[in-house]
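Chain residues, written in single-letter form:
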Amino acid sequence: MPDLLLELFSEEIPARMQAGAARDLERLMVGALTDRGYLFEGIKAFAGPRRLTLAIAGLPAKQKDVRDELKGPKLDAPQAALDGFLKKTGLTRDQLKIEKTPKGDVYIAVIERAGRETPHVLVEIIPELMAKFPWPKSMRWKPGLSVRWVRPLHSILCTFDGELVPFSFAGVSSGLHTRGHRFLSEGKIEAKRFDDYAQKLRAAHVVLEADERAAIIFEGVKQAAFVHGLEMIPDEGLLAEVSGLAEWPVVYVGTIPEEFMDVPAEILQTSMRTHQKYFSLRDPKTGKMANRFALVANMIASDGGKEIVAGNERVLRARLSDAKFFWDEDRKHSLESRVEKLKGIVFHAKLGTQLERVERIEKLAGEIAAKIGADVEMAKRAARLCKADLTTGVVGEFPELQGVMGRYYALHDKEDTSVADAIRNHYKPVGPGDAVPTDKVAVAMALADKLDALTGFFAAGEKPTGSGDPFALRRAALGVIRILLENKLRLPLAVDGDLLSFFADRLKVALKEKGVRHDLIDAVFGLGHEGDLVRLVARVEALQAFLKTDDGANLLAGYKRAANILKVEEKRDNKTFISEVSETLLSEPAERALFAALAKAKSAIAPLLEKENFAAAMQQMAALRVPVDAFFDGVKVNADDKRVRENRLNLLASLRATLHQVAEFSKIEG
Amino acid sequence: MAKASTFQDLILTLQSYWAAKGCLILQPYDDQMGAGTFHPATTLRALGPRPWNAAFVQPSRRPSDGRYGENPNRLQHYYQYQVILKPAPENVQELYLGSIRAIGLDPDVHDIRFVEDDWESPTLGAAGLGWEVWCDGMEITQFTYFQQVGGIECDPVCAEITYGLERLAMYVQDVEFVYDLKFNDQFRYGDVFHQAEQEFSAYNFERANTDILFQHFKDAEKQCRELLTGKKLPLPAYDQCIKASHAFNLLDARGVISVTERAAYIGRVRALAQACCEAWLQSPMGEYKPRFG
């Protein structure tokens, strides 16, 4: 079956948009074709610095024929209804069929549309798709036309089954030609089929596929590093970006001048990455950063890359001079002396300056430190200095180095190592892959930093919404949860209201990955007095294990039955059954047995919960299963005697209350 | 192709290159401004339907970039070479690459790249899409397709090419310290400008009289508004807008404008720029006929 080839050739497409554009092109085309009844064998989209390409294999030469039957008015309907139907279908009365239905005879219009030739369909859908292409940012460039593309569009290549598909967009008519690499090829290239196209482009120094460009770069950097006895410091984000900046990536290695090698590695690496898009290399034996970098050019230079390397080294020298200048200047002033300057930095309009924030964190970090057995003075010291690096030149230039630089400057100021480490680590964890701090001083700081942000922003009404979380509060809450759980910290969360339910939601997300059921978290949170996350999780885990047992599942069923009966009867009587069960009113053996079992369980469970022996508490509950089942088998709750009935309802309420010591069973699903 | 060996050669090469491509070679505008974009030959001529191709050197003042003559490449006064092409020719990237070849940067041995960098001037209410052009990892040019100026959509769209002359010359001459650039065979850049950088840094950061500058700002704003009422004089009015903008930049360098005030001042300049642009479009050389909504 025939194939489609489409290439949209433009001026340089921003690297960050390329992958998304390939996905969008594929998605829109699949949508447009399936809407028109097409099935095809395969589709693949490619994006690079100057082109978007789409190849579809096995696309039928004709659209499927369509036969639609349209039901019209009844035979005895007024003439106007029939006229309207004829107008709508474009048929005459003779062409209508008549069909018998239970409601009488009706007119049926049979509309047959022969499938159109595929090129005719393509001519229609491609310009339409281009006109609504969802570029994150696009521009006008043709005088008098409001059409937009990411950058000026220069040519369109479009063939179906090796033949031109003629259409135009933004005044550009489709053709059979494209161009190769901007500098490594000359003239136009004609292509009618994908294989030929890809092959010719490769000969013209264009690698079509982003993954292949990334692989070339990855291998190239690895090899180049190896030659120097080094290894690359992996950087996925950078790899993806540079893959979008070269049609024919070539790796060259340059040298970092010795004079910069005593600047902290993080500064060098960040400067090279952010400004220059270079890969850093390291010594595989020591793990230390090496004085070499790998750069990715879009050029096989005729001098073997001499000028390119020399030029890049020169640029880097200027960049690193700036960075080193900041590093040297920054160390002339202690962090302590910088704290006052935080007065001039607004944290958030409603939450004051960074200095005010530091003062809050200082207080909170001290309180937390006392509770978790960290050195209070050290925690307060670290808190006082934790944001001071925001006023330094290096952090001004590279905001992502906040904390990292604070640690360097603190060490330079001869602060305690633990204080310095806490300054760096208080931002942790910065993402799901990042480790949580474990040193107690850092833990106190990290918790204080995040809790202050969370309580502050919630109080200021800046809660995250479905689509937006500009202050990264979800990450902060998840950070708090992970720090508490992974360090097994017994520190009750002193939060309430919206923030508490926000934490509950984050906790569900965090525990979901570990296979913990969200309804059980709700059930335990539902108790309302559990702010200690470590205990909460232990309780949830014990409960989950218990519900997996036969006893657990049956007891839950018994609970639900009891709860349902209570719900109905409490509504009927318009009261809640919470009174003591009268032993003298118990007549049936099954209810006496349940009463005894409940009394025993109740007194046994409380001290076990107290000791946090949740597994044993569950064991006690398991013992209730048999008497509960027996009760429902042998006892009629709604006895004729009003007092007996109420007593039995009170007995069920007592069961409910007993189970609610452990969790809000009503919130458990299943 | 020989490399432009001096600073003035570089300028002369660009002048003859763009002259040969049909550009008007204009002279710098005689007002202090932060960038070539402020030149009325760019801001105002970018608007309206009339074709316009011009190239010029524009001395650019960025008071807060002053470093007392000590930084290897930061200057409070430097030169931009600006090319404005309206409508943007289809082959504008090729034309640009021709100019790079002309000054002696051979794309066969260098790595020339167009890296996304959209441009925006909040003071001019202007924005465009484009790139910074990299040569071996060094940004040598800003390349922008104007979409909007003075808050008004550009149609036709023009291309603006801005070369940072000192930086480009440093690259071509293989010089690390801007003051070491050969201006011609006899003089260094430092011979011409080093003392000026020292003195103006002191003026910008320490000595500029802020009361006078605040007054300048107010006066320029007032005069600009007056010139746009009654019989409108967009060109003189726009001069006042430029003056207000520069007074603001100086006040900013003096550190007397707080973060919140800053946005308000920028908004005031933008309002002037917009009013000037609107008046320009109603003037004979502006003749704006909207073609789409």
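Remember, it's a predicted structure, so these values are computed and weren't measured experimentally.

### Points about the overall build of chain B
For step 1, the next point in the chain: Helices and strands together make up the secondary structure of chain B, namely eight helices and nine strands.
For step 2, the next point in the chain: The globule rule puts the C-alpha radius of gyration for 293 residues at 19 Å, and the 19 Å found for chain B is close to it.
For step 3, the next point in the chain: On the principal axes, the C-alpha backbone points of chain B span a range of 55 × 50 × 30 Å.
For step 4, the next point in the chain: Considering only contacts within chain B whose residues lie at least 6 apart along the sequence, 67% involve residues at least 24 apart.

### A closer look at the overall build of chain A
For step 1, the next point in the chain: Counting secondary structure elements, chain A contains 24 helices and 18 strands.
For step 2, the next point in the chain: The C-alpha radius of gyration of chain A comes to 36 Å, more than 25% above the 26 Å expected for a compact globule of 670 residues.
For step 3, the next point in the chain: Overall size of chain A, expressed as C-alpha extent along the three principal axes, is 105 × 100 × 45 Å.
For step 4, the next point in the chain: A buried classification covers 39% of the 670 residues belonging to chain A.
For step 5, the next point in the chain: Sequence-distant contacts, at least 24 apart, represent 66% of the contacts inside chain A between residues at least 6 apart.

### So, the nonpolar core
Residue and element names in this part refer to chain A.
For step 1, the next point in the chain: Counting 257 residues, the largest nonpolar core has Ala294, Ala382, Val441, Ala444 and Met445 as the members making the most contacts within it.
For step 2, the next point in the chain: Among the elements that line this core, the one with the most residues is helix H15 (residues 440-459), at twelve residues.
For step 3, the next point in the chain: The contacts of Ala444, once residues within four sequence positions are left out, are Ala365, Ile368, Ala369, Ile372, Ala374 and Ala379.

### Considering the sheet that holds strand S14 (residues 250-255) of chain A
All names here are of chain A.
For step 1, the next point in the chain: Here we have four strands laid out as an open sheet, ordered S13-S15-S16-S14, and antiparallel in their pairing. One side of each edge strand has no neighbouring strand; the edge strands of this open sheet are strand S13 (231-232) and S14.
For step 2, the next point in the chain: Of the pairings in the sheet, the one linking strand S15 (residues 279-282) to strand S16 (residues 289-297) comprises three bridges and is antiparallel in character. When the sheet's bridge partners are listed, Arg282 is paired in S16 with Met289.
For step 3, the next point in the chain: Across the sheet, helix H7 (residues 265-276) lies against S15 and S16, angled at about 5 degrees from S16, the strand it touches most.

### Observations concerning the sheet that holds strand S5 (residues 97-101) of chain A
All names here are of chain A.
For step 1, the next point in the chain: One open sheet accounts for three strands, arranged S4-S6-S5; its pairing is antiparallel. One side of each edge strand has no neighbouring strand; the edge strands of this open sheet are strand S4 (66-74) and S5. Taken over all neighbouring pairs, the strand axes of this sheet differ in orientation by 35 degrees on average, direction set aside.
For step 2, the next point in the chain: Both S4 and strand S6 (residues 104-113) contribute to a ladder of seven bridges, which runs antiparallel.

### Notes on the packing of helix H21 (residues 589-610) of chain A against helix H24 (residues 642-660) of chain A
Residue and element names in this part refer to chain A.
For step 1, the next point in the chain: Between H21 and H24, the least distance of the axes is 10 Å, while the angle of their chain directions is 30 degrees. By the angle between their axes, H21 is roughly parallel relative to H24. Relative to H24, H21 is oriented so that their crossing is left-handed. Facing H21, whose interface residues are Glu591, Leu594, Phe595, Leu598, Ala601, Lys602 and Ile605, H24 presents Arg648, Leu651, Ser654, Leu655 and Thr658.
For step 2, the next point in the chain: Of the residues in the contact of H21 with H24, the class split is seven nonpolar, two polar and three charged.

### Digging into the interface of chain A and chain B
For step 1, the next point in the chain: With 31 residues of chain A at the contact, the number on the chain B side is 30 residues.
For step 2, the next point in the chain: Broken down by secondary-structure element, the contributors of at least two residues to the side of chain A that touches chain B are S16 and helix H8 (306-330) of chain A.
For step 3, the next point in the chain: Considering every element that reaches the side of chain A that touches chain B, the biggest residue donor is H8 of chain A, with eight residues.
For step 4, the next point in the chain: Of the residues contributing to the side of chain A that touches chain B, the split by class is 15 nonpolar, eight polar and eight charged.

### Details of the environment of Lys188 of chain A
Residue and element names in this part refer to chain A.
For step 1, the next point in the chain: By the secondary structure assignment, Lys188 is in strand S12 (residues 188-190).
For step 2, the next point in the chain: Take Lys188: there are 14 C-beta atoms within 10 Å of it, and that puts it in the partly exposed class.
For step 3, the next point in the chain: Between the alpha carbons of Lys188 and Pro589 there is a distance of 97 Å; along the sequence they are 401 residues apart.
For step 4, the next point in the chain: Look past the residues within four positions of Lys188 in its chain and what remains in contact with it is His177 and Arg179.

### Here we look at helix H13 (residues 404-412) of chain A
Residues and elements named next belong to chain A.
For step 1, the next point in the chain: Of all nine residues in H13, seven are buried; the element is thus mostly enclosed.
For step 2, the next point in the chain: Taken together, the buried positions of H13 are occupied by Val404, Met405, Gly406, Arg407, Tyr408, Tyr409 and Ala410.
For step 3, the next point in the chain: Immediately beyond the C-terminal end of H13, within one or two residues, lies Lys414, with a positive phi of roughly 65 degrees.

### Comments concerning the packing of helix H16 (residues 473-486) of chain A against helix H17 (residues 497-512) of chain A
All names here are of chain A.
For step 1, the next point in the chain: Where H16 contacts H17, the axes come no closer than 9 Å and their chain directions differ by 70 degrees. In terms of their interaxial angle, H16 and H17 are classed as roughly perpendicular. Judged by the twist between their axes, the crossing of H16 over H17 is right-handed. Only Phe502, Phe503, Arg506, Leu507 and Ala510 of H17 make contact with H16, whose side of the interface consists of Arg474, Ala477, Leu478, Ile481 and Arg482.
For step 2, the next point in the chain: When grouped by side-chain class, the residues that make up the contact of H16 with H17 number seven nonpolar, no polar and three charged.

### Thoughts on helix H4 (residues 165-173) of chain B
Residues and elements named next belong to chain B.
For step 1, the next point in the chain: For H4, the tally of buried residues reaches eight of nine residues, placing the bulk of the element in the interior.
For step 2, the next point in the chain: Looking at H4, one finds that the buried residues are Leu165, Glu166, Leu168, Ala169, Met170, Tyr171, Val172 and Gln173.
For step 3, the next point in the chain: On its buried side, H4 packs onto helix H1 (7-20), strand S3 (77-86), strand S6 (126-135), strand S7 (138-149) and strand S9 (159-164).
For step 4, the next point in the chain: The first or second residue beyond H4 is Asp174, which carries a positive phi of 60 degrees.

### Thoughts on unusual backbone geometry
For step 1, the next point in the chain: Omega for the peptide link from Lys428 of chain A to Pro429 of chain A comes to -10 degrees, which places this bond in the cis form.
For step 2, the next point in the chain: Among the secondary structure elements, Pro429 of chain A is positioned in the loop between helix H14 (417-425) and H15.
For step 3, the next point in the chain: With an omega dihedral of 5 degrees, the bond running from Asp155 of chain B to Pro156 of chain B counts as a cis peptide bond.
For step 4, the next point in the chain: Residue position: Pro156 of chain B is located in the loop between strand S8 (152-153) and S9.
For step 5, the next point in the chain: Despite not being glycine, Lys414 of chain A has its phi angle at roughly 65 degrees, a positive value.
For step 6, the next point in the chain: Here Lys414 of chain A lies in the loop between H13 and H14.
For step 7, the next point in the chain: At Ala472 of chain A, a position not held by glycine, the phi torsion is positive, near 55 degrees.

### Section: the domain arrangement of chain B
For step 1, the next point in the chain: If you check the domain split of chain B, you get domain 1 (7-203) and domain 2 (209-281).
For step 2, the next point in the chain: Contacts between domain 1 of chain B and domain 2 of chain B engage 20 residues on the former and 21 residues on the latter.

### Structural notes on the pairing of strand S2 (residues 42-47) of chain A
Residue and element names in this part refer to chain A.
For step 1, the next point in the chain: As defined by bridge partners, S2 adjoins strand S3 (residues 51-57) across six bridges and the pair is classed as antiparallel. Bridge pairing in S3 places Gly42 opposite Ala57.
For step 2, the next point in the chain: Counting the residues in the hairpin turn of S2 and S3 gives three residues.

### Brief notes about the environment of Gly150 of chain B
All names here are of chain B.
For step 1, the next point in the chain: Mapped onto the elements, Gly150 comes out in the loop between S7 and S8.
For step 2, the next point in the chain: Taking the C-alpha atoms as reference, Gly150 lies 8.7 Å from Thr123; in sequence the two are 27 residues apart.
For step 3, the next point in the chain: In this structure Gly150 touches Leu47, Leu124, Gly125, Ala126, Ala273, Gln274, Cys276, Cys277 and Glu278, once residues within four positions along its chain are discounted.

### A look at the environment of Asp283 of chain A
All names here are of chain A.
For step 1, the next point in the chain: Here Asp283 is to be found in the loop between S15 and S16.
For step 2, the next point in the chain: Put simply, Asp283 and Glu231 are 52 residues apart on the chain and 6.4 Å apart in space, counted from C-alpha to C-alpha.
For step 3, the next point in the chain: Among all residues touching Asp283, those that are not within four sequence positions of it are Leu230, Lys288 and Ala290.

Reading the values: rules and limits
Residues numbered from 1 in each chain as written. Chains lettered and ligands numbered in written order. Predicted model: local features only at pLDDT ≥ 70, side-chain atom pairs only at ≥ 80, totals over all residues. Helix = DSSP H or I, 4+ residues; strand = E, 2+ residues; numbered from the N terminus. Rg over C-alpha atoms; globule rule 2.2 N^0.38 Å. Contact = placed C-beta atoms within 7 Å. Buried ≥ 20, exposed ≤ 12 C-beta atoms within 10 Å, placed from the backbone. Core = buried A, V, L, I, M, F, W, Y, C linked by C-beta atoms within 7 Å. Pairing = 2+ DSSP bridges. Axes fitted to C-alpha atoms, helices over the stretch in contact; angles between N-to-C directions. Parallel < 35°, antiparallel > 145°, perpendicular 65-115°, else oblique. Left-handed = near helix turned anticlockwise from the far one by under 90°. Nonpolar A, V, L, I, M, F, W, Y, C, P; charged D, E, K, R; others polar. Domains from an automatic or database assignment.

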